[in-house]
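Descriptive structure summary
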Amino acid sequence: MNRKQRGAPRLEIMRGTLDLIVLRTLRWGPVHGHGIAKFIQQTSGDTFKIEHGSLYPALQRLLQEGWVTAEWGTSSNNRRARFYRLTPTGRKQLSSEHSKWERFSAAIARILRPTASEDA
């Protein structure tokens with residue numbers, strides 16, 4: 001039984017996290033917007049569904065920062081699509097953001113993990 005069949009709700013992505021996830025997705029090579037959204041949904045086990053109203057403004061931010069570039073091409077279904085690619089600066093940003101995320105999630109885990117005195 002998959003997550004949808006169990007009725008588990010999708011989770012909201014925290015502000016700023018979408019940029020990290022998009023950069024990580026582009027690490028594997030150029031992808032068009034719909035492909036990015038689909039990849040995130042599939043690899044998250046259908047937990048995250050990225051709406052185009054969130055994805056495309058994020059891609060614009062990443063373009064403005066110089067972390068990604070974009071060029072027009074043809075998708076697998078023969079449609080014109082804009083393909084996004086990670087830049088060398090974007091790779092550095094991905095590394096930095098990944099490191100921050102690791103520290104952040106470890107700190108949250110420490111806060112949520114009960115201590116021996118709380119268990120008593």
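Each remark here, short or long, concerns the structure printed above.
Here we summarise the structure given alongside this text. (Residues numbered from 1 in each chain as written. Predicted model: local features only at pLDDT ≥ 70, side-chain atom pairs only at ≥ 80, totals over all residues. Heavy atoms only, no water.)

Bringing the pattern of salt bridges into the picture now. With the rule as written, the count across this model stands at two salt bridges. Linking Lys100 and Glu97 is a salt bridge whose minimum nitrogen-to-oxygen distance equals 3.3 Å. With Lys100 and Glu97 both in helix α5 (residues 88-112) and three residues apart, this pair spans about one turn of that helix. Residue classification places Lys100 among the partly exposed positions, given a relative accessible area of 41%. Classification of Glu97 as partly exposed rests on a relative accessible area of 22%. (Salt bridge = Lys/Arg side-chain N within 4 Å of Asp/Glu carboxyl O. Helix = DSSP H or I, 4+ residues; strand = E, 2+ residues; numbered from the N terminus. Buried < 20%, exposed > 50% of the residue type's maximum accessible area, 1.4 Å probe, protein only.)

This next bit is on the environment of Ala37. Examined against the element boundaries, Ala37 turns out to sit in helix α3 (residues 33-43). Relative accessible area serves as the criterion here: at 7%, Ala37 is assigned to the buried category. Through-space distance from the C-alpha of Ala37 to that of Thr25 is 9.4 Å; in sequence the pair is 12 residues apart. Beyond its immediate stretch of four places on either side in the chain, Ala37 contacts Ile50 and Leu55. (Contact = heavy atoms within 4.5 Å.)

Here the focus is the packing of helix α2 (residues 17-26) against α5. Where α2 meets α5, the closest approach of the two axes is 10 Å, and the angle between their N-to-C directions is 125°. If you check the angle between α2 and α5, you find them oblique. The two elements α2 and α5 meet at a crossing, and its hand is left-handed. Of the residues in α5, those touching α2 at Thr17, Leu20, Leu23 and Arg24 are Gly90, Gln93, Leu94, Glu97, His98 and Trp101. Broken down by class, the residue content of the contact of α2 with α5 amounts to four nonpolar, four polar and two charged. (Axes fitted to C-alpha atoms, helices over the stretch in contact; angles between N-to-C directions. Parallel < 35°, antiparallel > 145°, perpendicular 65-115°, else oblique. Left-handed = near helix turned anticlockwise from the far one by under 90°. Nonpolar A, V, L, I, M, F, W, Y, C, P; charged D, E, K, R; others polar.)

Grouped together as the largest cluster of nonpolar side chains are 20 residues, with contacts concentrated most on Val22, Leu23, Leu26, Ile36, Leu55 and Val68. At the level of elements, α2, α3, α4 (52-65) and β3 (80-86) are the ones that each hand at least two residues to this core. In terms of residues, this core owes the most to one element, α2, which gives six residues. In this structure, Leu26 is in contact with Val31, Ile36, Val68, Tyr84 and Leu86, ignoring residues within four places of it in sequence. (Core = buried A, V, L, I, M, F, W, Y, C linked by side-chain atoms within 4.5 Å.)

By secondary structure assignment, the location of Asp19 is in helix α2. For Asp19, a relative accessible area of 15% translates into the label buried. For Asp19, the side chain forms a polar contact with the side chain of Arg61, separated by 2.8 Å. For Asp19, the contacting residues outside a window of four places in its chain are Ala58, Arg61 and Leu62. (Polar contact = N/O pair within 3.5 Å; in protein donor to acceptor, adjacent residues only side chain to side chain.)

So, about unusual backbone geometry. Leaving glycine out, the prevailing phi sign among residues is negative, and the prevailing peptide bond configuration is trans. Located in the positive-phi region is Asp46, a residue other than glycine, with phi close to 70°. With respect to the helices, strands and loops of the structure, Asp46 is situated in the loop between α3 and α4.

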